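Summary of the model geometry
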Amino acid sequence: MYPAAGSETEAEVESVDVQLTIWRSRGGRPPQGWEDERPDRYAARVDGWARYHLESAASEPRVLRLLDYASAMGREPMELDALAFSAYQGGPWSDSSTRLVEAVGDTGEVLPSKRVGNGNEIAVDVPPGTRTVSLRYRFRVPRRYWPLGCVRNRCALSGGLAPLPSESAHGGVYLPEQGRVVAPVTWRLDSVRFGDVPDWVPGTDPTPQQAKKLKGDEIIVTELDGMARDRHGYPSVFWGKTWRRHHFVYQGVDVHVLYMDRRPAAKYPHETKLQYRADVAGNLDAIARETIDAAYELGLRPPAGADMYLVQGPLRSDVAQGHPTAVMVSDEYLNVLPVRPARRFHHEQIARAILDHLSLSYFTPHQDASERLWVAGAVAYGLMRAWQAKR
């Protein structure tokens, strides 16, 4: 949420089409326009294109207000001590923000744009009769822990894949009238490619030549909301060393668990206190089933064929985070003493993230953008209590 910049007539967005090209720092020579950058300072660079389809072509000038998620942590957090700072960084500090290359309208005319809201928001002037606004932009992916950054060759974009449509916030002490919230729109991620392997399509088997260039990396894209099976939430994009996979179907929900380390011989629920590594996939399997049952019991029934993605990676600020189309799980999950109180805390954080993910997905198409934030949180809290009682 960011401060509002004025009282102009705002353009409302109906849908967004996105195309991304990812340039890895270890993928070869930087792309054109990035030659002045140090190749080792940032983990990756992204060239993006986004087309915003407006709900109507008004007869008066309007302003398109977009939130820049990539600039949410644009400066080094000097208020943190060295230990706390290390929980957010994976190396020397590197900032991140979206650099707008060009904004054009229906007929290709260049549209004026500026930074507002302490630089965290992009405002594009939309002339009368315009139905679409297209942006070309670039941003650097910092060496920072998730949800936006790359550490240990695991990268996540979260809401940084494109500037996010927004609307004025209202209601509650946490949503002041001068604030902004992300507006629910229909997202279509047309293509995501590695810049040095443009002919490889994510999700397909690479040829020997492509595999050599990929160097063991892959791209994961999650686009559908876990509950509503639509595209109202921004997609999540992950890339890096190939994840291990565990898949199962429960209550009609396709659950995809992407984890990093090989599963141990003693799998959940038959783990021992002496084993070197916990069965992350097995524990996530059990918690996902239990949280789906809790949602069913209180009437939040995921439709048949809905997808749920649990993706493990270098997340440090939380044990887990629920996002519109995926749940991020820390690579430190269960890396604690094998005693019940410590593990119970980790399990509860995973369950809450999954329930936040489900409830936010459920209320996004039905509630106002401001209302859904507290309504989804309140419902997730109730579901969490039901899950705890059953456990």
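Analysis parameters
- Residues numbered from 1 in each chain as written.
- Predicted model: local features only at pLDDT ≥ 70, side-chain atom pairs only at ≥ 80, totals over all residues.
- Heavy atoms only, no water.
- Helix = DSSP H or I, 4+ residues; strand = E, 2+ residues; numbered from the N terminus.
- Buried < 20%, exposed > 50% of the residue type's maximum accessible area, 1.4 Å probe, protein only.
- Areas by Shrake-Rupley, 256 points an atom, 1.4 Å probe, with all protein chains shown as cover.
- Core = buried A, V, L, I, M, F, W, Y, C linked by side-chain atoms within 4.5 Å.
- Contact = heavy atoms within 4.5 Å.
- Pairing = 2+ DSSP bridges.
- Axes fitted to C-alpha atoms, helices over the stretch in contact; angles between N-to-C directions.
- Phe/Tyr/Trp six-rings, centres within 6.5 Å; stacked < 30°, edge-to-face > 60°.
- Disulfide = S-S within 2.5 Å.
- Salt bridge = Lys/Arg side-chain N within 4 Å of Asp/Glu carboxyl O.
- Expected span 1.5 Å × (residues − 1).
- Parallel < 35°, antiparallel > 145°, perpendicular 65-115°, else oblique.
- Left-handed = near helix turned anticlockwise from the far one by under 90°.
- Nonpolar A, V, L, I, M, F, W, Y, C, P; charged D, E, K, R; others polar.
- pLDDT = per-residue confidence, 0-100.

The helix and strand inventory of the chain stands at five helices and 19 strands. The buried share among the 391 residues of the chain stands at 51%. Accessible area of the chain: about 17,900 Å², with a carbon and sulfur share of 50%.

Leu20, Leu64 and Trp239 are the most contacted members of the largest nonpolar core, which totals 45 residues. Among the secondary structure elements, those contributing two or more residues to this core are strand 1 (13-24), strand 2 (44-54), strand 3 (62-67), strand 6 (121-126), strand 7 (132-141), strand 12 (186-194) and strand 14 (236-241). Residues in contact with leucine 20, not counting those within four places in the same chain, are Val46, Asp47, Gly48, Tyr137, Leu157, Leu161, Leu189, Ser191, Val192, Arg193 and Val237. Counting residues in each nonpolar core, the second largest holds 35 residues, with Leu284, Ala295, Leu334 and Trp387 among its members.

Glancing now at the sheet that holds strand 17 (residues 307-313). In any sheet, the strands associate via hydrogen bonds between backbone groups, in a parallel or an antiparallel arrangement. One open sheet accounts for five strands, arranged 15-16-17-19-18; its pairing is mixed. Looking along the sheet, the strands with just one partner apiece sit at the ends: strand 15 (244-250) and strand 18 (320-322). Each strand axis lies, on average, 15 degrees off the axis of its neighbour in the sheet, ignoring direction. Pairing geometry for strand 15 and strand 16 (residues 253-259), over seven bridges, is antiparallel. Bridging across to strand 16, tyrosine 250 finds its partner in valine 253. Across the face of the sheet, helix 3 (residues 280-297) comes into contact with strand 15, strand 16, strand 17 and strand 19 (327-330) while running at roughly 25 degrees to strand 15.

Now for the packing of aromatic side chains. By the definition in use, this model includes three aromatic pairs. Judged by centre distance (5.3 Å) and plane angle (40 degrees), the ring pair of tryptophan 146 and phenylalanine 238 falls under tilted. One end of the pair, tryptophan 146, is in the loop between strand 7 and strand 8 (149-151); the other, phenylalanine 238, is in strand 14, and 92 residues separate them in sequence. Taken together, a centroid distance of 6.2 Å and an interplanar angle of 15 degrees make the contact between phenylalanine 194 and tryptophan 200 stacked. For phenylalanine 194, a relative accessible area of 0% gives the class buried.

So, on to the state of the cysteines. As used in these notes, a disulfide is a covalent bond between sulfur atoms, one from each of two cysteines. Scanning the model with the defined rule gives one disulfide in all. One disulfide bridge connects cysteine 150 with cysteine 155, the sulfur atoms lying 2.1 Å from each other. Because the sign of the S-S torsion sets the handedness, a value of about 125 degrees for the bond joining cysteine 150 and cysteine 155 places this disulfide among the right-handed ones. Grouping residues by exposure puts cysteine 150 and cysteine 155 together as buried.

Another point: the pattern of salt bridges. With the rule as written, the count across this model stands at 19 salt bridges. The shortest N-O distance in the salt bridge between aspartate 17 and arginine 188 comes to 2.7 Å. With aspartate 17 in strand 1 and arginine 188 in strand 12, this pair connects stretches of sequence that are 171 residues apart. In this structure, aspartate 331 and arginine 316 form a salt bridge, with 2.4 Å as the shortest nitrogen-oxygen distance. Separated by 15 residues along the polypeptide, aspartate 331 in the loop between strand 19 and helix 4 (340-363) and arginine 316 in the loop between strand 17 and strand 18 bring together distant segments of the chain. By relative accessible area, arginine 316 is classed as partly exposed at 25%.

Here the focus is helix 5 (residues 369-390). Its 22 residues give helix 5 an end-to-end C-alpha distance of 32 Å, which sits within 8% of 32 Å, the value for a rise of 1.5 Å per residue. On the buried face of helix 5, the contacting elements are strand 10 (164-168), strand 11 (180-182), helix 3 and helix 4.

The subject of this paragraph is the environment of aspartate 368. Relative to the helices and strands, aspartate 368 is located in the loop between helix 4 and helix 5. Residues aspartate 368 and alanine 183 lie 185 residues apart in sequence; the distance between their C-alpha atoms is 8.6 Å. Those residues in contact with aspartate 368 that lie beyond four places of it in its chain are Glu167 and His170.

The packing of two helices is summarised by the inter-axis angle and the distance between the axes. Interaxial distance between helix 3 and helix 4 falls to 10 Å at its minimum, and their mutual angle equals 50 degrees. In terms of orientation, helix 3 and helix 4 fall into the oblique class. Crossing of helix 3 over helix 4 shows right-handed handedness. For the pair formed by helix 3 and helix 4, the contact residues are Asn283, Leu284, Ile287, Ala288, Thr291 and Ala295 on the first element and His347, Ile350, Ala351, Ile354, Leu355 and Leu358 on the second. Within the contact of helix 3 with helix 4, the residues separate by chemical class into nine nonpolar, three polar and no charged.

For the chain, per-residue confidence averages 84 on the pLDDT scale, and residues scoring 70 or more make up 83% of the total. For the chain, helix 1 (residues 82-86) is the element with the lowest average pLDDT, namely 54, and strand 19 is the one with the highest, namely 96. Across residues 1-5, confidence stays below pLDDT 50; counting only partners more than four residues off in sequence or on other chains, it has 28 contacts.

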